[in-house]
Amino acid sequence: MSHPLPNVSPRLAIARALARYLETLVFTRSGPPDVLFKLKRVWDEWPDAETRIDYPSASVLPGTAEYDDSLLTPSFVEGTFGQFAPGTALVQQAELTERIQLDIWASSREEREAIVAGIESALNPREDAYGLDLPMPDYYEREASYLLHGVQFIDDEGSARNERRAVMHIDAIAPVVALRHTSLMLPRVTVAVGATLDVTA
């Protein structure tokens, strides 16, 4: 029996999850007066050459993926039996790590600074741990972790055209899973009826 194949790779799911999250953020550009704004678009790939980029925008570029196969014996993921297809369950096969490149386009230094500062904070919302966890609805509802690695401001000839760029590198970690046919094993208890229990005080 052939196993169901996924239609989205974990690498694309990682990029999509981060892109969706970035589109929800509200940034503050210093004034006076201060101005609240959002990214107009976040691509989960490099935009096509004919695509018009309205500032501010960003793109998430997957990097080289490395697969940790230390899970020598793949294991079923608890609670996934029948969740995505009848008679199937998820099996975790490995863990994927990759360094994402996040390109940011802004129209001014102030706008770029607000975006970078905002993303730095948004990638670390917790006080007890470094990084951010996001659900990946496109990849069996698994979860990816994102950890900021570095930031670079780019000022070149594009700056004369009111284009200010920044590049952020983010390490992403996610499970690699597969949908497999299986049967649910239920525990069975046999009770002997009519047995006499002798209790001596």
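On a predicted model such as this, the values are computed, not experimentally measured, just so you know.

Peer 1: So what exactly am I meant to see when it comes to the overall build of the protein here?
Peer 2: Scanning the protein for helices and strands turns up two helices and 10 strands. Listed by position from the N terminus, the elements making up the protein come as α-β-β-β-β-β-β-β-α-β-β-β. Among the 201 residues that make up the protein, the fraction classed as buried is 38%. Sequence separation of 24 or more characterises 66% of the internal contacts of the protein that already satisfy a separation of 6 or more. Summed over its atoms, the accessible surface of the protein is roughly 12400 Å², and 50% of this surface lies on carbon and sulfur atoms.

Peer 1: Could you clarify how one ought to interpret the side chain of arginine 112 in this entry?
Peer 2: Checked against the element boundaries, arginine 112 lands in helix α2 (residues 109-122). In terms of polar contacts, arginine 112 uses its side chain to reach the backbone carbonyl oxygen of arginine 165, at 2.9 Å.

Peer 1: Before we go on, may I ask you to explain the pattern of salt bridges in this structure?
Peer 2: Between side chains of opposite charge, a pair can form when the charged atoms approach closely. Scanning the entire structure with this criterion turns up 11 salt bridges. Taking the shortest distance from any N to any O, the salt bridge between aspartate 44 and arginine 16 comes out at 3.6 Å. Note that aspartate 44 is positioned in the loop between β3 (41-43) and β4 (57-61) and arginine 16 in helix α1 (residues 10-24), a separation of 28 residues in sequence. For arginine 16, a relative accessible area of 26% puts it in the partly exposed group.

Peer 1: Explain unusual backbone geometry to me, please; I cannot follow it from the model alone.
Peer 2: Trans is the prevailing form of peptide bonds, just as negative phi is the prevailing case for residues other than glycine. The linkage connecting glycine 31 with the following residue, proline 32, adopts the cis geometry, with an omega of 15 degrees. Mapped onto the fold, proline 32 is located in the loop between β1 (27-29) and β2 (35-37). One non-glycine residue, glutamate 141, lies in positive phi territory at about 60 degrees. Along the chain, the position of glutamate 141 falls in the loop between β8 (132-136) and β9 (142-154).

Peer 1: It is not clear to me how the environment of arginine 16 should be interpreted in this structure. Could you clarify?
Peer 2: Put simply, arginine 16 and glutamate 45 are 29 residues apart on the chain and 9.0 Å apart in space, counted from C-alpha to C-alpha. Setting aside anything within four residues of it in sequence, one finds arginine 16 in contact with Val8, Asp44 and Asp138.

Peer 1: What is the right way to look at the packing of aromatic side chains in this model?
Peer 2: What characterises a pair of aromatic rings is the spacing of the ring centres plus the angle enclosed by the ring planes. This model, assessed by the stated rule, comprises five aromatic pairs. Summarising the aromatic geometry, the rings of tryptophan 43 and tryptophan 105 are spaced 6.5 Å apart at their centres and angled 90 degrees between planes, so their arrangement reads as edge-to-face. A residue pair is termed long-range when its members are at least 10 positions apart, and tryptophan 43 in strand β3 and tryptophan 105 in strand β7 (residues 88-106) qualify at 62 residues. For the pair tryptophan 43 and tryptophan 105, one class covers both residues: buried. On the accessibility criterion, tryptophan 105 (4% relative accessible area) is buried.

Definitions and cut-offs
- Residues numbered from 1 in each chain as written.
- Predicted model: local features only at pLDDT ≥ 70, side-chain atom pairs only at ≥ 80, totals over all residues.
- Heavy atoms only, no water.
- Helix = DSSP H or I, 4+ residues; strand = E, 2+ residues; numbered from the N terminus.
- Buried < 20%, exposed > 50% of the residue type's maximum accessible area, 1.4 Å probe, protein only.
- Contact = heavy atoms within 4.5 Å.
- Areas by Shrake-Rupley, 256 points an atom, 1.4 Å probe, with all protein chains shown as cover.
- Polar contact = N/O pair within 3.5 Å; in protein donor to acceptor, adjacent residues only side chain to side chain.
- Salt bridge = Lys/Arg side-chain N within 4 Å of Asp/Glu carboxyl O.
- Phe/Tyr/Trp six-rings, centres within 6.5 Å; stacked < 30°, edge-to-face > 60°.

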